[in-house]
Every structure is written in C-alpha cells, then in structure tokens.
Number of protein chains: 2
Amino acid sequence: MERVTVAAIFADQEKLGGQTVTVCGWARTIRDMKTFGFIELNDGSCFKNLQVVMDANVLDNYKEIAGQNVGAALIVRGQVVLTPEAKQPLEVKAASIQVEGVSAPDYPLQKKRHSVEFLRTIQHLRPRTNLFSAAFRVRSATAHAIHCFFQDRGFVYVHTPIITASDCEGAGEMFQVTTLDLENVPRNEDGTVDYTQDFFGKRANLTVSGQLNCENFAMAFGNVYTFGPTFRAENSNTQRHAAEFWMIEPEMAFADLNDYMDNAEAMIKYVIRYVMSHCPDEIDFFNSFVDKGLKERLEHVANSEFGRVSYTEAVEILKKVNDQFDFKVEWGTDLQTEHERYLTEQVFKRPVFVTDYPKEIKAFYMRQNDDGKTVAAADCLVPGIGELIGGSQREERLELLEGRIRELGMDPKDYWWYCDLRRYGSCRHAGYGMGFERMVMYLTGINNIRDVELHPRTVGNAEF
Amino acid sequence: MERVTVAAIFADQEKLGGQTVTVCGWARTIRDMKTFGFIELNDGSCFKNLQVVMDANVLDNYKEIAGQNVGAALIVRGQVVLTPEAKQPLEVKAASIQVEGVSAPDYPLQKKRHSVEFLRTIQHLRPRTNLFSAAFRVRSATAHAIHCFFQDRGFVYVHTPIITASDCEGAGEMFQVTTLDLENVPRNEDGTVDYTQDFFGKRANLTVSGQLNCENFAMAFGNVYTFGPTFRAENSNTQRHAAEFWMIEPEMAFADLNDYMDNAEAMIKYVIRYVMSHCPDEIDFFNSFVDKGLKERLEHVANSEFGRVSYTEAVEILKKVNDQFDFKVEWGTDLQTEHERYLTEQVFKRPVFVTDYPKEIKAFYMRQNDDGKTVAAADCLVPGIGELIGGSQREERLELLEGRIRELGMDPKDYWWYCDLRRYGSCRHAGYGMGFERMVMYLTGINNIRDVELHPRTVGNAEF
C-alpha cells in the first residue's frame, strides 16, 4: 500500500501541502458534529497526531466512521491542507476513510487521564497513550544515541554473555538458570544437587555485569562497550530497581580515571543533546506534564563543566551539614542518595564526579591508590537523581589484584582469565557502568522505573 | 595521555606524515636485528598493525624492548614516516618506547597459526588474533548497521523482556529462571513445586523470541524492532546453534507479506554494504583466509533482486531432483537446509524468499491464506547458508487467531493480551526474525557459531 507517515507529512509539509496522500493510523479521538467531524489520528511515526477533517457530504460512509470507537484502525485518503492560522499547522481533508479494524466498546483507553498504576495492568496498550508513546520513543532514541556516541569514537560493541557460570561479581542476588526438573531435582550420593545433569554441566546464573568480560576485549580492541540486559534478584520494591534492566559498560585501555570521567561527561552531554534534538515534542510533553524543570535541567547539564571532588573532600563538606541527613556521614561510610543529591544540587549545582573512595566500600578490581586507603573509583552524581554512573580505573598490577582477591576471602584461581590479562601485556585501563533505565528516567523526568521499561520485571511481576 | 590511534594514523597519514606522535598498543611481533629492529604494533583501533622501527643508536633501552615477548603492552613515541615504496604505506620511527606491561614467556599466542578449537579454550585472549579481531569488529559493525537501518527509517527500538512467565512461544526448549534453592525446593501440600515462593511468584523462563511483545508496540508505534539476546535450551551440538544468541525482530503495522520482504531485502543489502565499506580490511582478510568466494558472494547479493517463489512451486522444482536429497520433498514437508541451499544456489543463484507454507509446519500466529491450507509466511534463503530470515504476515482476525490457538490445543485465555490487539484497532501487520550470529557468519564466512560469539554458551559450556 502506497502511504505516508504522519511524521513525513509534518516534516515535508511544504512539499505535501495540496497533495493527496494515504495515511494509516489509530483514532485517538473522534468528534462528530453531525455534518462534519474531526479525527485525531496517530500512526506512531511521531508523537504528534494528525487532524483529519471529515465531511458528511464527501464521505458516503460518514456515519460508519463517525460512529467508530476510540482506538479504531483507519485508512484515510485525502488532501493535505496547510492551516497556518490554526493551532495545528496542517490537516487532511478526507476524500475516503476505510475501517481497517474496529475498536471494541470496552477499549480501556478512553479519552481521559488514566493513572500510571492502572496503565501498568495493560502494558500491551499503554504505548498508545501520550505518556508512554513519548517515554518509549525517548528510550529508543537514547539507545541509538549511545550506540552512535561510541561507534563514532571507534569503540567496538561487544555482546558479553547473559548466562554466566562464574560468580565473579558477587552471588546471592543472582537468578539461577537451569534445565533441571525442579519437581525432581537430580542428586549426588551425598544429597547435593547433581549439576553435571544441568544444561551447562554446572550451576549457571544470569549476569549482573559484563565488566569483567569487557576487560577481555578492551585488552584487544582498546576501546569497547557492552550494552545489554543485566539482572538482579534483589527482593526490594523501590521505584528505582527492577530485576531486569539494561546497562552500558564501556572499557578503555591505556586510560586512567580522568580519561573515564572525560568520556562519561562527553557521553552524557551527547545523549542529552541527541534526545533534545530528535525528540523535541516528547521533551516538551514531559516538561509540561511530568516535570516542569526538565528542559532547563537538561540544558544546564549539557552546557556545564562537570565538577570533580574527592570523596575525602566531599565528606568534609557533608559533615558540616550532617544534621540535615537521616544517615550521618563519616569518612568510611558509603554515600547515600540524600548525600549525593546534596552535593550535586546544593553544593555544585551541576553534575559532579566524586573520586577516590575508601577501598572497603568498593569492588575488588578497582585500582589501589598510593595512600593505601582509597581506590581510583569515581561516581557521577547528577541533579535530580544522584548517582547516574559508577566507574573506576581497574587494578592492572597482578600482585595487587591477587592480594585484594585473597583479602576478601576469594580464590584467584576462580579469576584465572581475569588475572591472565595482567600477565600478558597488562596496561592501565578504566571503565564505567551506566544503568540505561536510570538515564531514560533522567531524560524524561519519569520517577518510576516501571514506567520506562516496556514490560518491567519486579518481585512478583513477570506479566506480558 | 595525549595519544593517537593506529586507525587515526592510517586515516590521516597525509596530515600526520612527519609528525611526532604517541601510540599505545600490543606487540604482535618483535624482530631484533641487533642494531635495529621492527615491532608490529596493534592497538585494536583497526585491523591493521603499525610498523614501528627501532634503532639501537636512538633507544637507550633498545635491548629491553627487543627482548620483550609477543603480547607486551608498549607506549611508542616517534615520527610518522610515509613509505610509499614499501609494502606498508607508513611506519613510525621510534624516539622512545616504554614498556607498559610485560608479557609472560608462556603467552599462549605465539606467532603461528593456532586452531580455532584451541583458541576457544582461551576466549579471553583470542580477540588478539587476526581472525577474531576481524570477526568481532565485523560483529560490532553489523550490529550498528542494523540499528542505523531501522532508526533511519523511523523504527522504534523496543527492549522486549528477557525473563518471561508466559510460555506462548512453545516451551520445552526453554531455560528456567529461578531464585528457589534447588537443594531444598519448597513444595505445595500435593508435592508439586511451590512457585509462589519463587521470585516472580510463578514459573519463569528465558525468552525464545520477542515477537509477541513486539506486536504490542507495533500496534502503537507502527514500525518497531527488537534486538536482544534469546535463548534455546536445545540439547544439540551443531555448528549453527548456541544456547544464547541475539535476534533482530522487526514488526510493521499496516504491512503485508510483500512489505516484510521488501524491508528484509533492503536491510540485508544495507548491512552488507555498510560492513563492506566500514570493514574493508576485515572482509579482505576473510576473503583470503576463510572463504575465497566471500567478497564476490556479498557483492552479488547486495546487487541482486531477490527471487520470490511459493512453497508449492518450490516443492515442484525440488521434487524433480529428489534423488539428490537425503530427505525427499513432498508437499507438506518442511524444507531442510539441503533443499534451501539447492533452491538459492542452484536454481535462483541469488537470495530467494519462499512464501506461503503449509499452515501445519508454521506457527499459530501466521495469517491464514484463503486457500485454507497455507499461511502468509516467507523464509529468506541465501547462498552459502540457507535460511537467514523467517517471517510472516500475522493473523489480525480475532476469530481465526483464536480458532487456530484452540486447534493446537492451547487456550486463548493464555494469550489474552495478544488477542486484545485484535479487539482494539487490529490491522494487517507483518514481521520477521533474523538470527544475528547467522548474519555475522554470512558476512565473514566463519562456519561455526562458537567463533562469532564472544563467549559462546552451548551444551556443557558456559566458561568465561
């Protein structure tokens, strides 16, 4: 079928004005004024609706069309008419309208505001609302912006494995993956589970991070990134955590902590600018209906030089206002969201990297600083959210890495391939992780991760 | 550290000729001729190595450098010298070389050909070989080409869920995802597993396809695609199957079977051209060392109009040469790889879509044709591989869909949301699925899926 999208009509209105076109979409509203009427048609190609004017003198099936329910799928043929004086810049005067698919009268999305809680029960239909149309379009644009940023800079996209049999990253919160029959688990003679009968011949889990694998590839390609789903089986029910979410994890060889921070700052600014220029209608919508300060905040971040402050200095700053916090800060404690937001919103009034945390509160693979107390880690805090990115320079010295692994009661043998990287042409390197949904929340002002994931998975929820 | 990549030196050789630069990378070979020597340096930014010339009269640590093992990480500072008469277009005359990280003498990648089987045991190091450097770089470029193709055409990228509690797509071959303790599975009073205690409150699996979810979003955005990992717990050990692989699944509203075929043909051609233009050195390498006919085949496919033939016609063609096949063809049998390759390689000599298969051998959601026997499905067969893509127009008529679900002994209630799409503004729509690794194999000539996945997961294998 020869047809044009609503996006193309708005984009090429000069060229299409006066032309006869065919448009296919779904009726968002239908207003019947007896001899004429209006349809707001949305085809998903852009955020905007197309106004279709129908005239009972022109359409021999006017009554059929005017009587359709919201949500009906329609094929409209008509002339594009530019309307520079009206609220919308153009409309289509229908010469014919065909019903492609009716919408049953119990269609749950009537023209009124529905609560996000209700809409979560109809996740298959909620992308037809303005809020979710905008949210998932921004999500798509954000993903592509991230790919473009890294690909343009020569980073190789690596697909680190989803199923993993190493529990390098700290088990406990992992989902187990199995083909064993849970009704009848095979046992060894001593009564333990016989994993030799499982698909992989051993216990396997869903990944919580691709970082360690990423390092394998950074030591060959220099600059790499992974962008894929990760999983946490945390039994927590918060607005910011889901069991399944996507992560971006770049890793850079011959790079130190400053190189990571430079790259992360450039990436955030690039993504903000990309989304603001590719999704202006969506950002306007969020700014009007979800978060009044959104646009200003995004523009401010895109144009700020990010601050940098050491953990030790940050603690000094925070201790002075400890009476404002639920959790009091001392050197050695991990920073809570309340502290992070205070730093970025009240003190720096822009994004800030906090660097060089105590090694006890950070992961074993982070590079030890010469002070013997801290590691070359840095978290990026942004106004309105707190931590958006966590990263570090990695420990490239074999003895120090193995020492830290042992200190934490683990066995370097379990990390043989990770340690190998330090045996054969080791080099300084750094990387970071950004939760993709957190970035989308930041770009939209949506404050619940359930509303930026298409079909969110949380405790007790794996519908659709 | 101010440095340039090897890729940048080759790309900007006019500008950089005569300039002094710093390059960081790993020694692929070191040749010591006593008073001078050569290093082939690779930094992963491109397939090519950089020739570094070292002179004992210039470098006071000449002996240290010349004595390094293959794989050592080096920081080279020196002048870029254009060498138009030599085999390589340029070299760097080292003014200084620092060892960033030595390579232990037992480095497994010595300068000789290693078998791919051996290299699979050192997956953390194999990207440092020519074969895997090229393979994973093509993999990255292919992924980006796919994103660009769909994003440029206004398709919305949707992340369909990885964990799923619906077994819509046909269970049996699925991995189960659980947080239950397998050593001590909780039981109901009747002895069955008590899934209310599992993380999602019910049995959950890893997805085998995002298609049904994709349709939810196509009915809102018109054109969408998913690109993510999928899983099959098939206990088969072939060169073409892995337990974890990535899939691209586009879905298009107001589209029929021809629209899907047009889109898929354009996509394949776009991806081939993108990879050939972005990875010319890699494709040359594969053409020389992996598959002599590769380049010619890719160019041919990029410039052919794909054939289209109905299953019924194809069966007539194949029956005439049934004596050539291990499996004899009759109307109603599924086509095997031998038949598919015969059609595309011997009969059409170009890619071909086989359309309108018997409904019994295709999935329940495919649109029934008016003949009552076939469905509007089409598989895309390509020379050298066989099936690359499978797709169909979807059944958009509620009664026919529910009828087919019941015919197959399933319950439409289990598909309530999928059926809902046919209640509220249903429209003709079509989509397809392409195995990403199969496409990478096609582009590289590599014939084992284990060698195009970074860390492949197969029966008994989940290392790294």
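Residues numbered from 1 in each chain as written. Chains lettered and ligands numbered in written order. Predicted model: local features only at pLDDT ≥ 70, side-chain atom pairs only at ≥ 80, totals over all residues. Heavy atoms only, no water.

Q: Sorry, what's going on with the sheet that holds strand β13 (residues 352–358) of chain A here?
A: Picture the strands of a sheet paired through backbone hydrogen bonds; they go either parallel or antiparallel. Residues and elements named next belong to chain A. Taking strand neighbours across the sheet as the criterion, the eight strands line up as β6-β10-β11-β16-β15-β14-β13-β12 in an open arrangement whose pairing is mixed. Since the sheet does not close on itself, it has two edges, and those belong to β6 (156–157) and β12 (307–310), each with one partner. Across the face of the sheet, helix α10 (residues 311–319) comes into contact with β12 and β13 while running at roughly 90° to β12. Sitting on the sheet, helix α14 (residues 436–444) is in contact with β10 (223–231), β11 (244–253), β14 (374–382), β15 (386–393) and β16 (429–435), with an inclination near 60° to β16. (Pairing = 2+ DSSP bridges. Helix = DSSP H or I, 4+ residues; strand = E, 2+ residues; numbered from the N terminus. Contact = heavy atoms within 4.5 Å. Axes fitted to C-alpha atoms, helices over the stretch in contact; angles between N-to-C directions.)

Q: What's the story with the interface of chain B and chain A in this structure? I'm lost.
A: Reports of interface size often rely on the accessible area that becomes lost once the parts have come together. Counting from both sides, the interface comprises 113 residues of chain B and, opposite them, 113 residues of chain A. Across the chain B/chain A interface, buried area totals approximately 9,100 Å², and carbon plus sulfur atoms make up 61% of it. Run the count over chain B and chain A and you get six salt bridges. For the side of chain B that touches chain A, the per-class residue count stands at 59 nonpolar, 35 polar and 19 charged. Strand direction decides the pairing type here: strand β8 (residues 176–178) of chain A and strand β8 (residues 176–178) of chain B, joined by three bridges, are antiparallel. Bridge pairing in β8 of chain B places Val-177 of chain A opposite Val-177 of chain B. (Buried area = accessible area lost by both parts, 1.4 Å probe. Salt bridge = Lys/Arg side-chain N within 4 Å of Asp/Glu carboxyl O. Nonpolar A, V, L, I, M, F, W, Y, C, P; charged D, E, K, R; others polar.)

Q: Help me understand the relation of the copies chain B and chain A, please; the structure alone is not making it clear to me.
A: Superposition of the two copies of the chain requires a rotation about an axis and a shift along the axis. Under the fitted operation, chain B is carried onto chain A by 0.0 Å of movement along the axis and a turn of 180°, and the coordinates agree to an RMSD of 0.0 Å. Both copies of the chain, as the preceding transformation shows, are related through a two-fold rotation axis. Looking at the rotation axis and the C-alpha trace of chain B, the residue lying nearest is Val-177 of chain B, at 2.4 Å. A shared interface surface links the copies, since 100% of the contact residues of chain B are contact residues in chain A too. (Least-squares fit on C-alpha atoms with pLDDT ≥ 70 in both.)

Q: Which parts of the structure should I look at to understand helix α5 (residues 130–152) of chain B?
A: For an α-helix, the turn length of 3.6 residues means that residues three or four places apart are oriented alike. Residues and elements named next belong to chain B. Here α5 spans 32 Å end to end across 23 residues, near enough to the 33 Å set by a 1.5 Å rise per residue. The buried fraction of α5 is high, at 21 of 23 residues. Gly-154 lies just past α5 and shows a positive phi near 80°. (Expected span 1.5 Å × (residues − 1). Buried < 20%, exposed > 50% of the residue type's maximum accessible area, 1.4 Å probe, protein only.)

Q: Looking at this structure, how should I read the pattern of salt bridges?
A: Pairing is possible between side chains that carry opposite charge, provided their charged atoms lie close to one another. Tallied over the full model, the rule gives 48 salt bridges over all chains. Ionic pairing is found between Glu-345 of chain B and Arg-341 of chain B, a salt bridge with its closest N-O pair at 2.8 Å. Here the residue Glu-345 of chain B and the residue Arg-341 of chain B both occupy positions in helix α11 (residues 337–347), the gap between them amounting to four residues, near one helical turn. Given a relative accessible area of 25%, Glu-345 of chain B falls into the partly exposed group. With its nearest N and O atoms 3.1 Å apart, the salt bridge here joins Asp-379 of chain B to Lys-362 of chain B. Of the two residues, Asp-379 of chain B sits in strand β14 (residues 374–382) while Lys-362 of chain B sits in the loop between β13 (352–358) and β14, which places them 17 residues apart along the sequence. Residue Asp-379 of chain B shares its accessibility class with Lys-362 of chain B, and that shared class is buried. Taken together, the shared-partner salt bridges in this structure form one network comprising Glu-215, Glu-251, Arg-394 and Arg-422 of chain A.

Q: Help me understand the confidence of the model for chain A, please; the structure alone is not making it clear to me.
A: The predicted coordinates should not be examined in detail at positions where pLDDT is low. In the predicted model, chain A carries a mean pLDDT of 96, and 99% of its residues have values of at least 70. Quick note on the complex model: pTM equals 0.97, ipTM equals 0.97. (pLDDT = per-residue confidence, 0-100.)

Q: Honestly, the pairing of strand β3 (residues 50–55) of chain A in this entry has me stumped. Any pointers?
A: Residues in a regular strand point their side chains to alternate faces of the sheet. Residue and element names in this part refer to chain A. Burial of β3 is extensive: five of the six residues sit out of reach of the surface. Sheet topology places strand β2 (residues 36–42) next to β3; six bridges connect them, and they run antiparallel. Bridge pairing in β3 places Leu-41 opposite Leu-50.

Q: Just to check I follow, could you spell out the environment of Ala-94 of chain B for this structure?
A: Residue and element names in this part refer to chain B. Considering the arrangement of structural elements, one finds Ala-94 in strand β5 (residues 90–101). For the pair Ala-94 and Ile-39, spaced 55 residues apart in sequence, the C-alpha to C-alpha distance is 10.0 Å. Apart from the residues lying within four places of it in its own chain, the contact partners of Ala-94 are Val-52, Val-53, Val-58, Leu-59, Val-76, Arg-77 and Gly-78.

Q: Would you mind going over the packing of aromatic side chains with me for this structure?
A: In this description, a pair of aromatic rings is defined by centroid distance and the angle of the planes. Under the defined criterion, the tally for this structure stands at 63 aromatic pairs over all chains. Judged by centre distance (4.9 Å) and plane angle (20°), the ring pair of Phe-150 of chain A and Tyr-225 of chain A falls under stacked. Here Phe-150 of chain A, found in helix α5 (residues 130–152), pairs with Tyr-225 of chain A, found in strand β10; they are 75 residues apart in sequence, far enough to count as distant. The exposure class assigned to Phe-150 of chain A is buried, which follows from its relative accessible area of 0%. Ring geometry for Phe-175 of chain A versus Phe-200 of chain B: centroids 5.6 Å apart, planes at 5°, classification stacked. Taken together, the residues Phe-175 of chain A in the loop between β7 (163–164) and β8 and Phe-200 of chain B in the loop between β8 and β9 (204–206) connect one chain to another. A connected cluster of aromatic rings, assembled from ring pairs, spans Phe-149, Phe-150, Phe-155, Tyr-157, Tyr-225, Tyr-270 and Tyr-274 of chain A. The side chain of Lys-48 of chain B reaches across the aromatic face of Phe-10 of chain B, ending 4.8 Å from its centre. (Phe/Tyr/Trp six-rings, centres within 6.5 Å; stacked < 30°, edge-to-face > 60°. Lys NZ or Arg CZ within 6 Å of the ring centre and 35° of its normal.)

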